[in-house]
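Okay, here's what each chain looks like letter by letter:
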2 protein chains.
Amino acid sequence: MFEQLGLIGCGLMGGSFALAMKRAGLVRRVVGYSKSPSTTERARQLGVIDVEAPSALLAVSGADLVLLAVPVAATESTLKAIRHLINPDVLIMDVGSTKRDVVDAARRVLKKDVGVFVPCHPATGREVSGVENADADLYTGRQVVLTPIERTRTVQLEQAEALWRGLGCPVVRMSPETHDAAFAAISHLPHLLAFALMNAITSQEQGSQFLSLAGPGFRDFSRIAASDSEMWRDILIANREELSAQLGHFQRELGVLQKVIDGGQSEDLQRLIARASLTRANWRLASGASD
Amino acid sequence: MFEQLGLIGCGLMGGSFALAMKRAGLVRRVVGYSKSPSTTERARQLGVIDVEAPSALLAVSGADLVLLAVPVAATESTLKAIRHLINPDVLIMDVGSTKRDVVDAARRVLKKDVGVFVPCHPATGREVSGVENADADLYTGRQVVLTPIERTRTVQLEQAEALWRGLGCPVVRMSPETHDAAFAAISHLPHLLAFALMNAITSQEQGSQFLSLAGPGFRDFSRIAASDSEMWRDILIANREELSAQLGHFQRELGVLQKVIDGGQSEDLQRLIARASLTRANWRLASGASD
């Protein structure tokens, strides 16, 4: 049980975290700050936060738990804004989709205090954003990846782990590097491909006609293309090295497929598709997804 | 109302068509044939067809409506097998996902009788196959594309259109060429990308670990990768020219995205993502998809 959550960023991710923590009885009071005063006010009106703070620093004042729920590119400046009120007993977490850049920023800014910061990535999200869409169930059942470094303090790490489990989240730990490679493969690259596909269709004169014929397969495949452009701009740039490596793997496999298609090599093509199909089917079984 | 449907191919597509036609009261009797005798038998046991035919030719005998529900690559041989029983009053349709190759096969085999053949593509499907999964609702509400050629007989074309509307399907007409370009863009290319992504992940040592972290975005994006390898082998090869053209458009847009990511050009990247996001959002509104 925490006494006071200092919430920096009262959007979808931050707001949902505050609601979930309160519902689970894991926090007594939430003091919130958003860059836009109207967002902070709205968060209070909606009961997502209890008190509006006029600055990030004041949101942290008196908090035993701090959540940074800001775009990953704003992590460093946010940490700078609050570092003067950090004490060794506070737990600071983030919810960013990339981890190496966040860890690097934390090392640079927090220096000897970096141990109180536990880098977190809850694997959740929505195509909508904003505090109006905050939902106490956004995190329920979603996997949370913790990427502690050698200087991370054990007590904070264990607090963080217990907290996420208390919200109903399975927790895994891995290095920031492995995290970034994994999410480049399973999330950032798929987003990039979906963006490129949409733009490729729009760039054609007949694009609108093509789209008018699209059905459920296209709907599912392209759903992530509707994601927030500011958030994804930051993620793709922050993780560009791993993304580029994953794009390399992808282009190699695409090239192999293209070659057998152009050559009319039926058997080889069927084998390659069957391999993809089997991987997807096994993933579905392992992940417990309904389809 | 048709007297007798000759169904060639009693799998998911053919079986669902038979069930839908019977439920709508649009056909009196269904005579079915599948390459595998056990499939034909199973279709009869399940009540999908009324009578088993020992050959494609005998399934067509006495039919005033014939549906080819075979892999697109088998269209030509199937038409050859039945051409001796084709009369000017029968309506022959297919349900293939590509149309230029089907139309070419029909011209070659049916010659002066090609007018009785109405090429159809109902935009539906499932990741499962087989007569056991046949569903009277598979076609309900799904768009059907008809790709008549100049020799297609008006009477058959209008019969086909009325029939699909009778099953609750909006019907559109276009040329086989436009159809193939459109479906390369909105269906065949997305499948190819999903196959390549799955194979790119599997090809890496840490692939299984990566997959264990994948969430709902990945689930939706990769769902089409679970598709049937035989069916998709045929589609991708049959439509390789249009697919290659669409892949060209895609690679250009992907290259543009990659360039601005590598260059850290935040504003340009956000603009490109916003363009994709807006296209997807507009498509959702226009298509009536829930998300």
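Residues numbered from 1 in each chain as written. Chains lettered and ligands numbered in written order. Predicted model: local features only at pLDDT ≥ 70, side-chain atom pairs only at ≥ 80, totals over all residues. Heavy atoms only, no water.

Chain A carries the name Prephenate dehydrogenase in an unreviewed UniProt entry, which gives Ottowia thiooxydans as its organism.

Right, let's get into the pairing of strand S4 (residues 65–68) of chain A. The side chains of a regular strand alternate between both faces of the sheet. All names here are of chain A. Here S4 shows two buried faces, one formed by Leu 65 and Leu 67 and the other by Val 66 and Leu 68. The pairing of S4 with strand S5 (residues 91–94) spans four bridges and is classified as parallel. Bridging across to S5, Leu 65 finds its partner in Leu 91. (Buried < 20%, exposed > 50% of the residue type's maximum accessible area, 1.4 Å probe, protein only. Helix = DSSP H or I, 4+ residues; strand = E, 2+ residues; numbered from the N terminus. Pairing = 2+ DSSP bridges.)

We now examine the interface of chain A and chain B. Taken residue by residue, the interface counts 82 residues in chain A and 82 residues in chain B. Note on chain A versus chain B: buried area summed over both sides is about 7800 Å², and carbon and sulfur give 68% of it. Residue Asp 220 of chain B pairs with Arg 223 of chain A through a salt bridge whose shortest N-O separation is 2.6 Å. Of all the secondary-structure elements, those providing two or more residues to the side of chain A that touches chain B are helix H7 (176–202), helix H8 (207–212), helix H9 (216–222), helix H10 (229–238), helix H11 (240–262) and helix H12 (266–287) of chain A. Broken down by element, the residue count for the side of chain A that touches chain B peaks at 19 residues, all from H7 of chain A. Counted by class, the side of chain A that touches chain B contains 45 nonpolar, 25 polar and 12 charged residues. (Contact = heavy atoms within 4.5 Å. Buried area = accessible area lost by both parts, 1.4 Å probe. Salt bridge = Lys/Arg side-chain N within 4 Å of Asp/Glu carboxyl O. Nonpolar A, V, L, I, M, F, W, Y, C, P; charged D, E, K, R; others polar.)

To continue, consider the packing of aromatic side chains. Given two aromatic rings, one states the distance between the centres and the angle between the planes to describe the pair. Applying the stated criterion across every chain yields a total of nine aromatic pairs over all chains. Ring geometry for Phe 17 of chain A versus Trp 164 of chain A: centroids 5.3 Å apart, planes at 55 degrees, classification tilted. In this pair, Phe 17 of chain A is assigned in helix H1 (residues 12–23) and Trp 164 of chain A in helix H6 (residues 154–166), connecting sequence segments 147 residues apart. Like Trp 164 of chain A, Phe 17 of chain A is buried. On the numbers, 5.1 Å between centres and 75 degrees between planes, the contact of Phe 218 of chain A with Trp 283 of chain B is edge-to-face. Taken together, the positions of Phe 218 of chain A in helix H9 and Trp 283 of chain B in helix H12 (residues 266–287) put the pair across two chains. The burial state of Phe 218 of chain A is the same as that of Trp 283 of chain B; both residues are buried. Taken together, the ring pairs in this structure connect Phe 17, Tyr 139 and Trp 164 of chain A into an aromatic cluster. (Phe/Tyr/Trp six-rings, centres within 6.5 Å; stacked < 30°, edge-to-face > 60°.)

A few words now on unusual backbone geometry. Residues and elements named next belong to chain A. The phi dihedral of Lys 111 is positive, around 50 degrees, even though this residue is not glycine. Locating Lys 111 in the fold gives a position in the loop between helix H5 (100–110) and strand S6 (117–118). Of the residues examined, Lys 111 reaches a relative accessible area of 52% and is grouped as exposed.

All names here are of chain A. With respect to the helices and strands, Ile 149 occurs in the loop between strand S8 (144–146) and H6. Sequence spacing of Ile 149 and Arg 107 is 42 residues, and the spatial spacing of their C-alpha atoms is 9.8 Å. Residue contacts for Ile 149: discarding those within four places in its chain leaves Val 103, Arg 107, Val 114 and Pro 176.

Glancing now at the side chain of Arg 233 of chain A. Mapped onto the elements of the fold, Arg 233 of chain A is located in helix H10. A polar contact of 2.6 Å, which involves the side chain of Arg 233 of chain A, links it to the side chain of Gln 270 of chain B. (Polar contact = N/O pair within 3.5 Å; in protein donor to acceptor, adjacent residues only side chain to side chain.)

Residues and elements named next belong to chain A. Reading across the sheet, the three strands line up as S7-S8-S9 and stay open at both edges, with mixed pairing between neighbours. Two strands close off the open sheet at either side, each with one partner strand: strand S7 (120–122) and strand S9 (171–173). Strand after strand, the sheet turns through a mean of 20 degrees between neighbouring axes, direction not considered. For S7 and S8, the ladder comprises three bridges, and the chain directions are antiparallel. Bridging across to S8, His 121 finds its partner in Val 145. (Axes fitted to C-alpha atoms, helices over the stretch in contact; angles between N-to-C directions.)

Moving on, we get to the domain arrangement of chain A. Residue and element names in this part refer to chain A. For chain A, the domain assignment lists domain 1 (2–174) and domain 2 (178–287). Relative to domain 2, the C-alpha centre of domain 1 lies at a distance of 31 Å. The interface of domain 1 with domain 2 comprises 15 residues on the first partner and 16 residues on the second. A buried area of about 1200 Å², summed over both sides, lies between domain 1 and domain 2, and 64% of it is on carbon and sulfur atoms. Two residues, Asp 180 and Arg 100, come together in a salt bridge whose shortest N-O distance is 3.9 Å. On inspection of domain 1 and its partner domain 2, the count reaches three residue pairs in polar contact (both at pLDDT 80 or more). Along the lines of polarity and charge, the residues of the side of domain 1 that touches domain 2 split into six nonpolar, five polar and four charged. (Domains from an automatic or database assignment.)

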